[in-house]
Each structure stands twice: as structure tokens, then as C-alpha cells.
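Architecture and fold: a report
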Amino acid sequence: MGIDFWENEIDSVVMLTWSDWKTEPRSNRYHYATRFAQRVPVFFVQPDSPSSKTWLEKIAPNITLVHAPMIYDVRAAKSLASALYQAGCRKPMLWIYNIFFEEYIHRSNALVRVLHATEDYFTKPEGWAVADPSIRAPLIRVLADVDLLVAVSQGVLDSYVGAGGYKGTTLLLENGCDSKFWLESGAYRFDAPPDDRPVALFQGGINKRLDFPLLIALAKRLPEWRFWFCGNENAQDTGWDELRSLPNVRYFGTQSVEGIAFLARKSSVGLIPFQQDELIRRSLPLKAYEYVACGMPVVSVPIDALAARDDLFSFATDAESFARKLEEVRTSRSDDAAVERRLAAAAFECYENRFTLLNETLQRYAEKRAGRQVFGYRYNVLVLYDDLYSTHVRAITEHLEAFQRYSGHQITFLAATGTILGVDDVDDTIDFGMFDAIVVHYSVRVSIEDHLSKGIARAVAAYDGPKILYIQDEYENTEIARRWIERLKLDTIFTVVPLGEVEKVYPRQRFPDVDFQPTLTGYVPEDVSIDDYVMPLAERPIAIGYRGRRLPHHYGILGQEKYEIGIEVRKRAAPHGLPVNIEVDDSKRIYGRGWYRFLGSCRTTLGTESGSNIFDDDGELKRLSMLYSSWDFATFAEKYLGAHEGKVRMNQISPKIFEAIRLRTALILFEGEYSGVVQPDVHYIPLKRDYSNFDEVVRKVRDVGYLEELTDRAYREIFESGRWSYRAFAEDFSRYLSRRLLGRPPRAFVVSAPVISFHGGKSPTTLWPEVAVHGLASDQVLGVTTKRADVRAAVAGLEGPIHIVSGSEPSTNRARAQDGAFIAAATPSHPRPNDMDSILRPFVPGGYAAALDHAPLPHFVEIDLGALRAVNFIKIEWFDDVNRGIDYFIDVRSSDEESWERIADVEANGMIEPPYPMQPIWIRHVRLTVTKFGGQQRMLIRRIEIEEAAHTE
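The rules behind each value
Residues numbered from 1 in each chain as written. Predicted model: local features only at pLDDT ≥ 70, side-chain atom pairs only at ≥ 80, totals over all residues. Heavy atoms only, no water. 1 Å grid on protein atoms, 1.4 Å probe; cavity = no way out; pocket = protein on both sides within 12 Å on 5 of 7 lines; lining within 4 Å. Points joined across faces, edges and corners; volume = space filled by probe spheres on them. Helix = DSSP H or I, 4+ residues; strand = E, 2+ residues; numbered from the N terminus. Nonpolar A, V, L, I, M, F, W, Y, C, P; charged D, E, K, R; others polar. Pairing = 2+ DSSP bridges. Axes fitted to C-alpha atoms, helices over the stretch in contact; angles between N-to-C directions. Salt bridge = Lys/Arg side-chain N within 4 Å of Asp/Glu carboxyl O. Buried < 20%, exposed > 50% of the residue type's maximum accessible area, 1.4 Å probe, protein only. Core = buried A, V, L, I, M, F, W, Y, C linked by side-chain atoms within 4.5 Å. Domains from an automatic or database assignment. Contact = heavy atoms within 4.5 Å. Parallel < 35°, antiparallel > 145°, perpendicular 65-115°, else oblique. Left-handed = near helix turned anticlockwise from the far one by under 90°. Polar contact = N/O pair within 3.5 Å; in protein donor to acceptor, adjacent residues only side chain to side chain. Right-handed = clockwise from strand over helix to strand, strands pointing away.

The protein chain goes by Glycosyltransferase in an unreviewed UniProt entry, where it is assigned to Plantimonas leprariae.

Spelled out as C-alpha cells, the structure:
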């Protein structure tokens, strides 16, 4: 079908990692990043920013490091989304390793999400913790939201499908190697040490994966062998110290890839001496084919993905069999034929071949998606509109309501103009991240500098999904509208400028990433009461009816025609004795149902093309036309409009034409284009601009049979066909949105409840306050994917338990909290001990995270509940495995004068929940103290929850 994934589907790749680019040279993440970067910009996200800010660092051509906050909360997700959006990510592909970025993943506007499964997090290991419960739950949630699962081994793939429940498209893409790099490094050229003692090399992370008892026994069994290790150390209390103390064991620290190549040239055999369990058996270590690319034989514990390549890998299970295999294969290191076979195998397993297979899969994915219908999801769409000066116009209200009635999506309307207290006067930005798209309605006048609320504007600019503008009157203050498009970062404009003229108004060079789509200024009105005003043509007392007006000079010729057609036809109709009712004075205009009554009493009405062909970029022409309003139009046009008239051809259909057709009133129109909707002598009587055919027009106006045939045809083809209806308009919008989102599921399940009703009186009625507050009255069906308990828990998190919350008052070292609770004291965080905002941040609704880095133990957080309270339980949830092996305790007291009472003393291992519930106890202060770390020197708390007893004696 000719779809190019890299050209048509995405504009960037966002890699969500656990990694540190600079300390993990040539990892599989590196290999994919560098190959992605040959096609699109790559943003390599790593969670190492010590603050709540996300910052970018350019490190290579087309590769940018994104330093994201170390805490994976909603605030951090917004920060990351904003930074990526500012960097130009509009249609990214997410390449996911780190599933703790799930808040960002679910909020992202990415059209393609790929999970690269390099570890089996579902199989329970023996002796070390990869299959952590805190990982499995978010992983299952993320799996439900990805389009493609890429696994490094069949075992990992089977685990994610079986235990993880993944049901989508899969690709087995085993870890390979950069054979070209290793070949050019010369690592395959064996250069034995001077004493000719054989060397067994292990390169990689030195951690609990290694079977240290096996290695210790092996090194002792083969004292003539040297055992070399290089890689990052993270192996406390595992036997590593004992191993490296042996005389034939040497640790070279963390090495560059060039350093690894140097060691490989000296080495006889590559080692994979991992613990033997189901997790390792299902894996495929990255180092396997890197050893092969260095020309080395490899001795490994049993690994399913390598079992078929016994020409490259030998397998052993204990020190004795490892020793035997090492002796068997050592001589092949200098066997040229064996080395050549290894290099050929490495070339076949290279990342270039892997990437070719991935590229073919992505291409098929793009073609499959391009050829399918992508409708069916009900998206959450926010429509911004003006309620102050616009919705009294029926056409505007019908246009707005069409989104709700016919689009098939869940529409939320937000009045967005003027000054909005609580939005414009605060620093916080509203989060529109729950919505799948934002529509800025044409009633919000982007031709005016300050019509849109400032706070709403900030929120729209920060939003990273589709942002769609419906715009009219584009000839007024055009440059202001252009700047709003840029400021809000709008990516789709539904314009009434003919598409052939768009480049003149919105130059592609200035708006390269904006999609311009056609729309009309209005559609056939839906008000059923219109039919009450339709009279039989033969009984209508007015032959030609019209209401026009003189527009200011800067609207040009099209503006003048609305006035001139009325004046000239009224003058020319008089000699023919036609009963006309034509006025061009503003004081004679008719509004509301009176207009329908008037138009329904006319056999025919006049009309011209709408809009203006003069684009007043900066309002200067309007200023001049006001200044020289006493001039006749011809004089003004000659002096000021000559350079502007006709440069852009608008010539749009007016909504009044649809009204006339609905009322079966015949149209007399100047010859023109009318947006291609109506045709001369088919739907209307054409009138030449020099009035040379006016006698023929009069004859047709007097021919009731002709008028009945003309109006019936217009009614049938324009109204009854539905082609120009508000339903058709909204369905076109829905199709466009579905194409934009390419069938992705909605970002969020949005629950809304009716709370207040107005019955015509001044006093509103509050609807079922208890039910509404708890989210049970909703426009969503609960119990399918979102349960009643889920909604109750979410609402309770807003009003029930005392949760520590974000906020800072650095001068007093106190962070505000819900229900008057606050942080009374805490360990200094980073070099800024008073920056409480860097200590506490929101993580989940009702949960908050703390990061206390590089401070001497013990670490502590003390919470003042603000008053003496009866507490049911205190719950601590640690965030991830960096806190594994910590020791901590919890103290409480009822006042500043009382001594601390210890209620929990825990040796933690993973996510810990202290014993609860407890008998309600009266306390005011809670202190969490950490005395020992098992991992990094930082404390990451997922949630501190303190629940007040509902009833106390």
C-alpha cells in the first residue's frame, strides 16, 4: 500500500528506560536507539533528574537524553509529557522498558506503543527478586495498552502471554550483537597472556544473578586459570567479596567497550555463570553473542534460547561440569576455523538483521492499520467555547450541540473565554490529560488577543494530544490568529479558506506540522419549529424578501455586495410591480423566530457569497475604514484596498442559504462558487452582477410552478440528503478524529455525575448529593472495567483519610497536607534541606512520594497531623526494589511534650505494610525513620497513608 512507517506514522521515538546511557555502553537500548536515530529523532528517557523538572541533553546526532524525575507520579508524567511535546514529539512511538512510567504511557499521545520485554517479571526466581509484585501489577496494566510486544527470548514471550495475559501482536527478536563493531575492534584476534595461563572472562553487571558459590568453587578447582570480571558492582552480601579475594580472580571495574574488547583478546572463554532457575532459563543474556562476536567459545548455564547452538555454546550446571567444559573448549579459541564460524554466526545474529525484522513488522503494522476501519472507540473530547457573547445565536448552539449529539464521543463542554477566577489567577495549570482531543470552537475568537482565558490557554498549550481549531472570519486580525495557533501549538485547523488558498493565509513554511481541513460556516438548521413557518409558495405575499446591511469598507467587494444587491434589486423590482420587502438598514434586521416567519412568507430571497477576500493581518485596514467611514467605498478601495482585494478568494456559502432551503424559499444569488454546495438553475436562480438578466429573474419569480420545482429539488438534495446536516458535520469530525488516533483506546475512563439541575426558577436543585459525590450517578456504565469500589475509593481519597500532599513553604520547612496535616521535619534532601517540594511529591491519588538522597543515615520524615486524631492505621508503601533490604521503624506521640512510642520495627524486603488495622490510638505526630539501606542511598516512598478512625469512644 506504500505506507512508510517512519515517514507517515511517527515523528520520533521515545524510549522509556531504567538505564543510564553513559554508564551502560552498547546495551540493547543503545543498539535500537542508534538505529532508530537513523530515521527519526530519538528521546532516551532515564529517571535520574534529582528535582521535579525534566531536562534534555543532546548527546549524539538525532539522540537526546531526557532526564526525568526519579519519582513516577502524575506530576512527573506531566513534566515529561510537556518536555517531549516542547521538543517536537507530536506522533511518537513509545519504546518501553520501564513500566513505572505508566502514568506517562497512559497519558501519552503516542499512536504506537511497543514494549521491549528483556526480563521475565512473571516467573518467580530463586534467591533474587526480579519478579517483584510491585512490578507485575503496573506491567499487566501497561501490557493492556501496547500495540506490539517484542521479546528477547521465546521463554520471556511465553511468560508475558501466559502469565501477563497479553493478547496483541508479538515479535520474537532475540538479543543479538553489534558484530561489525566487535570485528573492527579486533577482539577476535586471540593474544594470550605472556604466561599462557587461560582466562575465563565475565563482563556485565555483578549482582545477585551470578551464582557466587559456583564461581568460588570453580576458581578453587581451576587454580591455573584466571577469572576476570568487569562490570558494575551491586552485589552486597552475596559472596562477591569472597570470590574476588581469591588469588586467580581479578576485577577490572566498569570498562568501556574498548576496554572489554582488550580483555576479550586476552581471554580464552566467555562465561555465563548465572543462578539456575526458570527465570534464567527463559532469558537470553545480551553478552551471549557478544562473546561469540569476540571469537570466544562460551560456557553457560542452561538457557533455552541457546540450546540449539551447541556449536557455539557449551552448557554446565555445577563447578565440576563448568571446569570440564572450560578445559574442553579452551583450545578452540586459537582455532582459526572455529573463530571464523563464530564470526559468521555473530554476523547473522547482528542487530542490523534484528532491526530489519523489526522494521518489516512495523511496516506491516502500518499497512494493516491504514487499510482498516478504525472507528468504534468513544473518545473523551473537550470542547472549548464562548458562553458570554455567542450561544444566544442558534446556529452557534446547534454547531456546538452537534458534537454531543452525533459524534459518538463523550463530549465535555468548557466555557473558556473571559477571566475565570480560580483558573487565571493561580499558577497551577489545569490538567487536560484525561482527554483524547481538545476542540477550540470558532465561538472562541482567536482573532482577539485576550478572548481566550489565560489559564485555559496555558492548559491547552501544555496538552500533548490532538488540538483542533474550528475557525471563522479568518480575514480579521489574521496575524493574531496565526500567533494563537503557534502559542497553543494547534495541530489541526478546520478552515473555511478554500484548500487551494490555504498556503496564502497559512504558509506551509511557518506551519509545517499543521493539518488543514475544510469546513463550512454553517449547516442546515435543525430547529424543528422552522417547519411551522413554511407557507405554500402560491400563498406567500412577498415576491422577494431580504435583509442586508452596509459593512465597513475593509470587508471589500464581498462585503459591499450584501448592501448593493438589496439596493439595486429593490430599485429594479419597482417598475415590474413586484411586491418586495427589502431593507439594508441595521435597524430593520429581524432576529430569532421572527426571521423564520419573515423568510417563510417570501417566495424568494436574495443572497451573495459570504466572507471577505481581504485579509486584514493586523487590523490596520479596519482602523482606516473606521477613520474614513464618511468616504464612499470606491474612493477608499482605490486608496487602501487595491493591494489586498482578490489575493485570497474566499467566496463561502452563508448559513442563511441553508435556512432559506429549509423554509423552501427560492434563492436569487449572484453567480458564484458558494463552497460547491449549490448550483445555478439547479438550486438557485442566478443573478448576474451587472443585473443584465434581471428581467429573466423576474419571470422566474412569477412562475410558481418553476419555483416549486426549484425549491423541492434544493430541499431534497441539500436538506433531505443529509449531506450538509449537522449530523454529517459531526460524523466527519468523528472520522477525522478516529484517523488521527488510529484506533487507539481512550486515554482514560472519565466518570462524571449530574450534581445540579435548573428548573426555570432562580434556585437550583442539588441532585442526590451522596450518590453523586461517590460517582455512582454517571454517564458511564460502571462494573465493566471500572467498578463501583474503584470510584468510591477514588472519591474517598479526596475526602477521607489524611494523606500527605504536595506543596512547599521553604522558609518554614513545612509542606502543607490534607486536613491540616503537614511535614514537620525531614532529612535534608540533596543540597537544599529546606526544599520540601523535592522531598514530597504526588504519586497516585492519595499517595505521595519522598526522595531523600545522599544524606547520612538515619533518614526520617516527621508528620504533624495538625490536631490530636484517633488513627486506625498507618501504612507505608515503598516504591521499588532500590529500597530492598532496608530497616526502619515508626514512632508516634500525642503531643510535642510526650515521648515517642514505637509501633513498628521492621526489617523490610520489598513493599511492606506494617501490621494493621490496629485499635484506634490518639496521636498527633508520626515519624518514619530508616536506619539501613539494601540498595541505593535514597529513600523512595510510594505512599504514606494515615487513616483516621470513623468513630471513636
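Next comes the rest of the account.
So, empty space enclosed by the protein
Evaluated as defined, the whole model comprises eight cavities of 30 Å³ or more. Every residue lining the largest cavity is counted, 13 residues in all, and those nearest its centre are Y72, D73, A76, A77 and F101. Listed by contribution, the elements that provide at least two residues to the lining of the largest cavity are β4 (63-69), α3 (74-86) and α4 (102-107). Here the residues of the lining of the largest cavity sort into 10 nonpolar, no polar and three charged. Along the walls of the second largest cavity sit W18, Y97, I99, L115, H116, A117, T118, E119, Y121, L139 and Y160, which together make up its complete lining. Residues of the lining of the second largest cavity, tallied by class, amount to eight nonpolar, two polar and one charged.

So, the sheet that holds strand β11 (residues 249-251)
Read across the sheet, six strands follow the order β11-β10-β9-β12-β13-β14 without closing on themselves; strand pairing throughout is parallel. With partners counted over all chains shown, the strands left at the sheet margins are β11 and β14 (313-315), one partner each. Across the sheet, the axes of successive neighbouring strands diverge by a mean angle of 25°, strand direction being ignored.

Section: the pattern of salt bridges
Scanning all chains against the criterion turns up 50 salt bridges. One salt bridge connects E696 with K700, and the closest N-O pair in it is separated by 3.3 Å. With E696 and K700 both in helix α25 (residues 694-702) and four residues apart, this pair spans about one turn of that helix. What you see here is one network of salt bridges that share partners, running through E449, E479, R482, R483, E486, R510 and D617.

So, unusual backbone geometry
Non-glycine residue K489 carries a positive phi angle of around 60°. One non-glycine residue, Y691, adopts positive backbone phi at about 60°. Here Y691 is to be found in the loop between β25 (685-687) and α25. Exposure remark for Y691: the relative accessible area of 10% places this residue in the buried category.

Quick look at the nonpolar core
The biggest cluster of nonpolar side chains holds 75 residues, and the ones touching the most others in it are I544, V569, V678 and L687. Ranked by the residues each element gives to this core, the list is headed by helix α27 (residues 726-741), at seven residues. Among the domains, domain 3 (380-522 + 727-741) and domain 4 (528-719) are the pair contributing at least three residues each to this core. If near-sequence neighbours (up to four positions away) are discounted, V678 is found in contact with I657, I661, L669, E673, H683, Y684 and I718. Core analysis: the next-biggest nonpolar cluster, separate from the first, contains 61 residues, I206, L243, L246 and A345 among them.

Quick word on the packing of helix α17 (residues 454-462) against helix α18 (residues 478-488)
α18 packs onto α17 with a crossing angle of 60° between their chain directions and a minimal axis gap of 8 Å. Our classification of the angle between α17 and α18 gives oblique. Across the interface between the two elements, A457, V460 and A461 from α17 touch W484, R487 and L488 from α18. Its residues placed into classes, the contact of α17 with α18 shows five nonpolar, no polar and one charged.

Describing the packing of helix α16 (residues 394-406) against α27
Axis separation between α16 and α27 bottoms out at 9 Å; the angle between their running directions is 55°. With respect to their mutual orientation, α16 and α27 come out oblique. For the crossing formed where α16 meets α27, the hand is right-handed. Contacts between α16 and α27 involve A395, E398, H399, A402, F403 and Y406 from the first element and Y726, R727, F729, A730, E731 and F733 from the second. Grouping the constituent residues of the contact of α16 with α27 by class yields eight nonpolar, one polar and three charged.

Some words on the sheet that holds strand β6 (residues 112-117)
The eight strands lie next to each other as β3-β4-β2-β1-β5-β6-β7-β8, forming an open sheet whose pairing is mixed. Across the chains shown, the open sheet's two edge strands, defined by having one partner strand only, are β3 (55-60) and β8 (169-172). Taking the axes of each pair of neighbouring strands and ignoring which way they run, one obtains an average angle of 25° across the sheet. Here α3 sits on the sheet in contact with β1 (12-16), β2 (42-49), β3 and β4, set at roughly 160° to β4.

A few points about the side chain of N380
Looking at the secondary structure, you find N380 in strand β15 (residues 380-385). Separated by 2.8 Å, the side chain of N380 and the backbone oxygen of A748 make a polar contact. Residues in contact with N380, not counting those within four places in the same chain, are Q410, M434, F435, D436, A437, P746, A748 and V750.

Some words on helix α13 (residues 319-329)
When α13 is considered as a whole, its buried residues turn out to be A319, S321, F322, A323, L326 and V329. Residues of α13 that are buried sit in contact with α8 (212-221), β10 (226-230), β12 (269-272), β13 (298-300) and β14.

Topic: the pairing of strand β9 (residues 199-203)
Within β9, five of the five residues are buried, which leaves the element mostly enclosed by the surrounding structure. With burial as the criterion, each face of β9 is covered, one bearing V199, L201 and Q203 and the other bearing A200 and F202. Two strands pair when backbone bridges link them, and β9 and β10 are joined in this way by five bridges, in the parallel orientation. Looking at β10, one finds that F202 is bridged to F229. Assessed by its sense of winding, the connection that carries the chain from β9 through α8 to β10 is right-handed. Bridge count for β9 against β12 is two bridges, and the pairing is parallel. Following the sheet pairing, L201 is matched in β12 by G270.

Quick notes on the environment of D690
Within the secondary structure, D690 sits in the loop between β25 and α25. On the basis of relative accessible area, D690 is assigned to the exposed category, the value being 51%. D690 sits 20 residues away from F670 along the chain, and the two C-alpha atoms are 9.6 Å apart. Among the polar contacts made by the side chain of D690, one reaches the side chain of S692 at a distance of 2.8 Å.

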